[in-house]
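Structural description and commentary
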Amino acid sequence: MESLHLPVSPPENEAQLLEQARLLAGCSLGELGAMAGLPVPKDLRRDKGWIGILLEMWLGASAGSKPEQDFAAIGVELKTIPIDRQGRPLETTFVCVAPLTGNSGVVWETCHVRHKLKRVLWVPVEGERTIPLAERRVGSPLLWSPSEEEEMQLRRDWEELMDMIVLGQVERITARHGEVLQLRPKAANGQALTDAIGANGETILTRPRGFYLKKPFTAALLARHFLL
DNA sequence: GGATGATCATCC
DNA sequence: GGATGATCATCC
């Protein structure tokens, strides 16, 4: 039985990654933060990515802001997901920024969403705001790939949303579009603007958007895991 | 601004 | 109460 200590080397295979993730299950964020020398913030309001960064350290992820998978060598992406006491997600899951221009000819097979979701290590973390951040516990990890049905759902939604973007309808897209995948703003604030295609094919400025997984989708894949 | 990490908080 | 639209920090 291995014990908990830092630094953690990048995992060489999935089994190693899962083993390390299982060691973290049951630990509190306070414990993991202290051992990592990371001060635990009072809450997440100004540190929304703190848990993600903490778990990256503890799992040996290629830290920080590289535009590739968290575990590039073994092709796995890490997602922490806040859950309630029933194990259901408290938030949608950000996947990636949505490209709003230069999309003619893009196809599902080679898109960023599919690549990001090809293989994901889900790490549930207690997320109820009534639980002090330091006391919240890490849950049992799940190494996941989309089933055929899940991939079809994702593909349908992605194609619908990308069609609207390409056809200059981005401003008409709301978070209600898509069955399992939605498009929502993803920016520092309301002042952030980026190029997109307008209704008449012209270039317009609009808020940057991101793809997010809706809660029922992640709830189902987590539930499947916990029932097995 | 856009990529990384996401959650907040208002409105319905 | 919960989802949608808004927002926070950091790096380059």
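Residues numbered from 1 in each chain as written. Chains lettered and ligands numbered in written order. Predicted model: local features only at pLDDT ≥ 70, side-chain atom pairs only at ≥ 80, totals over all residues. Heavy atoms only, no water.

Our working rule: UniProt positions are given in the numbering used here, feature names are shortened, and annotations may be inferred rather than shown by experiment.
Per an unreviewed UniProt entry, chain A goes by the name DNA mismatch repair protein MutH and belongs to Jejubacter calystegiae. We quote the UniProt Sequence similarities (unreviewed entry) comment for chain A here in full: "Belongs to the MutH family." Of chain A, the UniProt comment under Subcellular location (unreviewed entry) reads exactly: "Cytoplasm".

Regarding the packing of aromatic side chains
The description of two aromatic rings rests on the distance between their centres and on the angle between their planes. Note the cut-off: Centres within 6.5 Å are what make two rings of Phe, Tyr or Trp a pair, Trp counting through its six-membered ring; a difference in plane orientation under 30 degrees is then read as stacked, over 60 as edge-to-face, and the rest as tilted. Each helix corresponds to a stretch of at least 4 residues labelled H or I by DSSP, and each strand to a stretch of at least 2 residues labelled E; elements are numbered beginning at the N terminus. Burial classification: accessible surface area is computed with a 1.4 Å probe over protein chains only, and a residue below 20% of its type maximum counts as buried, one above 50% as exposed, and the rest as partly exposed.
In total, this model carries four aromatic pairs according to the counting rule given. Look at F94 and Y212: their rings are 5.4 Å apart centre to centre, the planes differ by 65 degrees, and that puts the pair in the edge-to-face class. Separated by 118 residues along the polypeptide, F94 in strand β2 (residues 93–97) and Y212 in strand β8 (residues 209–213) bring together distant segments of the chain. Relative accessible area serves as the criterion here: at 23%, F94 is assigned to the partly exposed category. Judged by relative accessible area, which is 8%, Y212 ranks as buried. Ring plane angle 85 degrees and centroid distance 6.1 Å describe the contact between W144 and F217, whose orientation is recorded as edge-to-face.

Quick notes on the protein's contact with DNA strand C
Quick note on the threshold: Only a single heavy atom is needed: when it lies within 4 Å of a molecule or strand, its residue is near that molecule or strand. Polar contact criterion, stated in full: a pair of N or O atoms within 3.5 Å, where within protein one must be able to donate a hydrogen and the other to accept it, and residues adjacent in sequence count only if both atoms are side-chain atoms. Residue polarity follows a fixed list, in which Ala, Val, Leu, Ile, Met, Phe, Trp, Tyr, Cys and Pro are nonpolar, Asp, Glu, Lys and Arg are charged, and the others, Gly among them, are polar.
Around DNA strand C there are 17 residues in total, and R46, K48, R184, R207 and K215 lie nearest to it. In DNA strand C, atoms within 4 Å of the protein come 55% from sugar and phosphate. In the model, a phosphate oxygen of DNA strand C is placed 2.8 Å from a nitrogen or oxygen of the R176 side chain. A distance of 2.7 Å is found between a phosphate oxygen of DNA strand C and a side-chain nitrogen or oxygen belonging to K215. Here the residues of the surface near DNA strand C are counted per class, giving five nonpolar, four polar and eight charged.

Quick word on the packing of helix α2 (residues 29–36) against helix α3 (residues 50–59)
The condition that has to hold: A fitted line through C-alpha atoms represents every axis, and for helices the fit uses only the stretch in contact; the resulting angles, taken between N-to-C directions, go from 0 to 180 degrees. Each crossing gets its hand from how the near helix is turned against the far one by less than a right angle, where anticlockwise is left-handed and clockwise is right-handed. Here a residue-residue contact requires only that any non-hydrogen atoms of the pair lie within 4.5 Å.
At a closest axis distance of 11 Å, the pairing of α2 and α3 adopts a crossing angle of 60 degrees. The hand of the α2/α3 crossing is left-handed. Contact residues: L29, L32, G33, M35 and A36 in α2; W50, I51, L54, M57 and W58 in α3. Residues that form the contact of α2 with α3 fall into these classes: nine nonpolar, one polar and no charged.

Observations regarding the sheet that holds strand β5 (residues 181–185)
Our working definition: A strand pair is defined by DSSP finding two or more bridges across the two strands.
Taken together, the three strands give an open sheet; going across it, the order is β2-β8-β5, and neighbouring strands pair in antiparallel fashion. The sheet terminates laterally at β2 and β5, the two strands that pair on one side only. Neighbour-to-neighbour, the strand axes of the sheet open up by a mean angle of 35 degrees, direction not taken into account. Here β2 runs beside β8; their pairing, made up of four bridges, is antiparallel. In the strand pairing of β8, C96 is matched with F211.

Things to note about the environment of C111
With respect to the secondary-structure elements, C111 resides in the loop between β2 and α4 (112–117). For C111, a relative accessible area of 9% corresponds to the buried category. Through-space distance from the C-alpha of C111 to that of P99 is 10.0 Å; in sequence the pair is twelve residues apart.

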